[in-house]
Amino acid sequence: MERKELFAEAVKAAEMSYSKYSGFSVGAALLTVDGLVFKGCNIENASFSLTNCAERTAVFKAVSEGYMNFSAIAIAGSSGGDFSKPCYPCGACLQVLSEFCGDDLIIILSDGEYKLSDFLPKRFCEESMK
Ligand code: THU
């Protein structure tokens, strides 16, 4: 799947955003190695800290359906419908992604293509506890 197509899926996912408190809509489109796309949006809560980011929604949807191998994720965020400003993934989402993805996971934002290791060069993981 083309980079632009996956980003367009992330923008589409943001349409479902439940973000009445921040007014900031985020969508994520997670591509599995077999070419499936799992979309996710941010889901806020009146108890603010219970908010779930778009990326984690997409990861949890995929893993709960039995998919754990991913090649790319596109992320789009906007407060007024303009998705041209890059929406960088938060630290919590990077950590969750790192559980299932290697350093070379491609992260597609409005300003280009990155790798997971660009944002999270070192990570806490299973090996850290041995
Ligand atoms: N948000 C995401 O969905 N993903 C991120 O990586 C950063 C932030 C959401 C959470 C909240 O609903 C809104 O953006 C403002 O923080």
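Residues numbered from 1 in each chain as written. Predicted model: local features only at pLDDT ≥ 70, side-chain atom pairs only at ≥ 80, totals over all residues. Heavy atoms only, no water.

Novice: So what about the overall build of the protein chain? Which residues, and what values?
Specialist: Across its full length, the protein chain carries four helices and five strands. Helices and strands appear in the protein chain in the N-to-C order α-β-β-α-β-α-β-β-α. The C-alpha radius of gyration computed for the protein chain amounts to 14 Å, which stays within 12% of the reference 14 Å derived for 130 residues, consistent with globular compactness. The C-alpha extent of the protein chain, read off along each of the three principal axes, is 45 × 35 × 30 Å. Counting all 130 residues of the protein chain, 40% fall into the buried class. A separation of at least 24 residues holds for 58% of the contacts in the protein chain among residues at least 6 apart in sequence. Counting only carbon and sulfur atoms, one obtains 54% of the accessible surface of the protein chain, whose full area is about 7300 Å². Across the protein chain, the 12 positively charged side chains and the 17 negatively charged ones have centroids separated by 3 Å. (Helix = DSSP H or I, 4+ residues; strand = E, 2+ residues; numbered from the N terminus. Rg over C-alpha atoms; globule rule 2.2 N^0.38 Å. Buried < 20%, exposed > 50% of the residue type's maximum accessible area, 1.4 Å probe, protein only. Contact = heavy atoms within 4.5 Å. Areas by Shrake-Rupley, 256 points an atom, 1.4 Å probe, with all protein chains shown as cover. Lys, Arg positive; Asp, Glu negative; His and termini not counted. Charge placed at Lys NZ, Arg CZ, Asp CG, Glu CD.)

Novice: Please provide a residue-by-residue account of the site of the ligand, values included.
Specialist: All residues in the neighbourhood of the ligand are listed as Ser22, Phe24, Val26, Asn42, Glu44, Thr51, Cys53, Ala54, Glu55, Tyr88, Pro89 and Cys90. Between the ligand and glutamate 55 there is a distance of 2.6 Å, counted from an oxygen atom to a side-chain nitrogen or oxygen. When the ligand sits alone it has 380 Å² of accessible area, and the protein chains cover 78% of it. Its residues assigned to classes, the shell around the ligand shows seven nonpolar, three polar and two charged. (Near = heavy atom within 4 Å. Polar contact = N/O pair within 3.5 Å; in protein donor to acceptor, adjacent residues only side chain to side chain. Nonpolar A, V, L, I, M, F, W, Y, C, P; charged D, E, K, R; others polar.)

Novice: Hey, could you go over the pattern of salt bridges for me, with residue numbers and the actual values?
Specialist: Enumeration according to the criterion identifies five salt bridges in this entry. A salt bridge links aspartate 103 to arginine 123; the shortest N-O distance between them is 2.8 Å. Here arginine 123 lies in the segment after α4 (116-119) and aspartate 103 lies in the loop between α3 (91-100) and β4 (106-109), a separation of 20 residues in the sequence. Aspartate 103 gets classed as partly exposed once you look at its relative accessible area, which sits at 40%. The class for arginine 123 is partly exposed, based on a relative accessible area of 25%. (Salt bridge = Lys/Arg side-chain N within 4 Å of Asp/Glu carboxyl O.)

Novice: How would you sum up the packing of aromatic side chains? Please name residues and give values.
Specialist: Summed over all chains, the structure comprises five aromatic pairs. Taking the centre distance of 5.5 Å and the plane angle of 50° together, the rings of tyrosine 21 and phenylalanine 48 count as tilted. Taken together, the residues span a long stretch of sequence, with tyrosine 21 in the loop between α1 (3-13) and β1 (25-32) and phenylalanine 48 in the loop between β2 (37-41) and α2 (54-64) at a distance of 27 residues. A residue is classified by how much of its surface remains accessible, and phenylalanine 48, at 57% relative accessible area, is exposed. Between the aromatic rings of tyrosine 114 and phenylalanine 119, the centroid separation amounts to 5.1 Å while the plane-to-plane angle is 50°, which identifies the pairing as tilted. Taking relative accessible area as the criterion, tyrosine 114 reaches 21% and is therefore assigned partly exposed. Taken together, Tyr88, Tyr114 and Phe119 form an aromatic cluster joined through their ring pairs. (Phe/Tyr/Trp six-rings, centres within 6.5 Å; stacked < 30°, edge-to-face > 60°.)

Just geometry here; none of it tells us what the structure is for.
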